[in-house]
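# Secondary and tertiary structure notes
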Amino acid sequence: MSEKEFIPASYTTLKEEGTVAYSSPSNIALVKYWGKRENQIPANPSISFTLAACTTKTSVQYKKKDKKSDEFSFDLLFEGEPKEEFKPKINTFLKRIEAYLPFLKEYHFVINTSNSFPHSSGIASSASGMSALALCFMEMERSFSESISDEDFNRKVSFLSRLGSGSACRSIEGPLVQWGETASIEGSSNLFGIKYPYAVHEVFSNFHDTILLVDKGEKQVSSTVGHELMHGHPFATQRFDQAHSNLEKLKSVLSKGDLKTFISIVESEALTLHAMMMTSNPYFILMKPNTLSIINEIWKFRQESNTHVCFTLDAGANVHVLYPEYEKDIVFPFIKEKLVPFCQNGQYICDRIGLGAKKL
Ligand code: PMV
């Protein structure tokens, strides 16, 4: 498939006004996306668990302008209050997706958005936020067009979300979404995420992700800069090859429910992501001392308890603690007693694997 296929032929009618609303989740990568080419094309394939609790709710009220103008026109409200500082990011997103949604300059929008997780919790809202907005615009397009299948709808939403934030293209469906061309996954694409197409053992259907908020401050280095630093990175080629190979290995892990190998792949991916940051030029560290203390506690507890608790990391200091439902009565008390003391203000979020976005 090429980008051109996402350009609509024509619309039947452009409605005068209306409102659309969606809730869309965040996701946590098992094999990490780190490094990209022009137009948000990933340098390597990735796969993620869709989350259930960390979501963004967005509504878009639209009203046709008297005359189509050359500018995008929108008001932005975050949790009910105008938020001017978010507008440039939305404007860039609108510019990138305009070719695929040619009605955008015909309307004035009132975009109202809110997150289920605390503001400035260090939880990135770009995946849930960009996908929720893309869903709203696609819902508009659906109401202006002949019918579109759910599969085509999801594919185009994922394609548009990717242009807002790469990892956002993995938030539309669940429980597992794969993005980025790779030989071991049929139908994989650099342009959009696909629902993971192979068998998944039931142990993964109810996986928990307790997110430990270690540092809620602004990151010193943004993901955009981090991706950029993979250009000319001394270990880039090896890293991109490793992601392909980890995805291939995950296939049998996911179908057999092989938690031991799952742990070794997921933790290695998390540490490799941070190793890339530490070995780029300029180098940087996003982990904090408490991130390392938590990792060490998890390793110690896993050995003592014979459970399958493990960790993964995003581009930040927070730790995602992953464990199966059947071990929650042992693992959760451990998290509360031994890990929560390392969280800023004792804050954490109980999340779990989810099924994707919902129309409101
Ligand atoms: O979607 P971005 O550009 O914010 O990149 C996020 C990359 C990681 O979260 C670090 C890894 C991933 O695959 O989600």
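This text follows the structure it describes.
The following paragraphs examine the structure supplied in this document. In this text, all values refer to a predicted model and were calculated from it rather than measured experimentally.

### Overview of the packing of helix α5 (residues 236-256) against helix α6 (residues 259-278)
Interhelical geometry of α5 versus α6 gives an angle of 160 degrees and a closest axis separation of 10 Å. In terms of their interaxial angle, α5 and α6 are classed as roughly antiparallel. As α5 runs across α6, the sense of the crossing is left-handed. The residues of α6 that touch α5, namely those facing R239, Q242, A243, N246, K249, L250 and V253, are T261, F262, I265, S268, E269, T272 and M276. Among the residues making up the contact of α5 with α6, the classes are represented as 6 nonpolar, 5 polar and 3 charged.

### Looking at the site of the ligand
Y33, S165, S167, R170 and H227 are the nearest of the 13 residues found near the ligand. Measuring from an oxygen atom of the ligand, one finds a backbone N or O atom of Y33 at 2.9 Å. Contact between the ligand and D314: an oxygen atom at 3.2 Å from a side-chain N or O atom of the residue. Coverage of the ligand by the protein chains reaches 91% of its 380 Å² of free accessible surface.

### So, the side chain of D209
Secondary-structure assignment places D209 in strand β10 (residues 208-212). An unpaired buried charge is present at D209: no salt bridge exists, and K32, the closest side chain of opposite charge, is 8.7 Å distant. Polar side-chain contacts of D209 include one of 2.7 Å to the side chain of H320. In contact with D209, other than residues within four places in its own chain, are I28, L51, H320, V321, L322, I349, C350, D351 and R352.

### Some points on the layout of surface pockets
Empty space within the second largest pocket amounts to approximately 270 Å³. The wall of the second largest pocket is formed by 17 residues, among which E5, E141, I148, D152 and K156 lie closest to the centre. For the lining of the second largest pocket, the secondary-structure elements that each account for two or more residues are α2 (126-144) and α3 (150-164). Here the lining of the second largest pocket is composed, by residue class, of 7 nonpolar, 3 polar and 7 charged.

### Thoughts on the environment of Y323
Along the polypeptide, Y323 turns up in strand β12 (residues 319-323). Exposure remark for Y323: the relative accessible area of 2% places this residue in the buried category. As for Y323 and E38, which are separated by 285 residues in sequence, their C-alpha atoms are 36 Å apart. Setting aside residues up to four positions removed in sequence, Y323 forms contacts with F207, H208, T210, H308, V309, K328, V331, F332 and I335. Of note is the side chain of Y323, whose polar atom sits 2.7 Å from the side chain of T210.

### Some details on the side chain of S23
Relative to the helices and strands, S23 resides in strand β1 (residues 17-31). For S23, a relative accessible area of 12% translates into the label buried. Not counting chain neighbours up to four residues away, the residues in contact with S23 comprise T55, T56, K57, A357, K358 and L360.

### Some points on the packing of helix α1 (residues 87-97) against α3
Running from N to C, α1 and α3 cross one another at 135 degrees; their axes reach a closest spacing of 9 Å. The orientation of α1 relative to α3 falls into the category oblique. Regarding α1 and α3, the two cross each other, and that crossing is right-handed. Every residue of α3 that contacts α1 at F93, R96 and I97 is listed here: L160, L163 and G164. Taken together, the residues that form the contact of α1 with α3 break down as 4 nonpolar, 1 polar and 1 charged.

### A closer look at the environment of R302
By the element assignment, R302 lies in helix α7 (residues 289-305). Residue R302 is classed as buried on the basis of its relative accessible area of 19%. Sequence-wise, R302 and V331 are 29 residues apart; in three dimensions their C-alpha atoms are separated by 9.2 Å. Every residue in contact with R302, bar those within four places of it in the chain, is listed here: I263, E267, T307, V309 and C310. Reaching out from R302, the side chain makes a polar contact with the side chain of E267 at a distance of 2.8 Å.

Thresholds, definitions, all that
- Residues numbered from 1 in each chain as written.
- Predicted model: local features only at pLDDT ≥ 70, side-chain atom pairs only at ≥ 80, totals over all residues.
- Heavy atoms only, no water.
- Axes fitted to C-alpha atoms, helices over the stretch in contact; angles between N-to-C directions.
- Helix = DSSP H or I, 4+ residues; strand = E, 2+ residues; numbered from the N terminus.
- Parallel < 35°, antiparallel > 145°, perpendicular 65-115°, else oblique.
- Left-handed = near helix turned anticlockwise from the far one by under 90°.
- Contact = heavy atoms within 4.5 Å.
- Nonpolar A, V, L, I, M, F, W, Y, C, P; charged D, E, K, R; others polar.
- Near = heavy atom within 4 Å.
- Polar contact = N/O pair within 3.5 Å; in protein donor to acceptor, adjacent residues only side chain to side chain.
- Areas by Shrake-Rupley, 256 points an atom, 1.4 Å probe, with all protein chains shown as cover.
- Buried < 20%, exposed > 50% of the residue type's maximum accessible area, 1.4 Å probe, protein only.
- Lys, Arg positive; Asp, Glu negative; His and termini not counted.
- Salt bridge = Lys/Arg side-chain N within 4 Å of Asp/Glu carboxyl O.
- 1 Å grid on protein atoms, 1.4 Å probe; cavity = no way out; pocket = protein on both sides within 12 Å on 5 of 7 lines; lining within 4 Å.
- Points joined across faces, edges and corners; volume = space filled by probe spheres on them.

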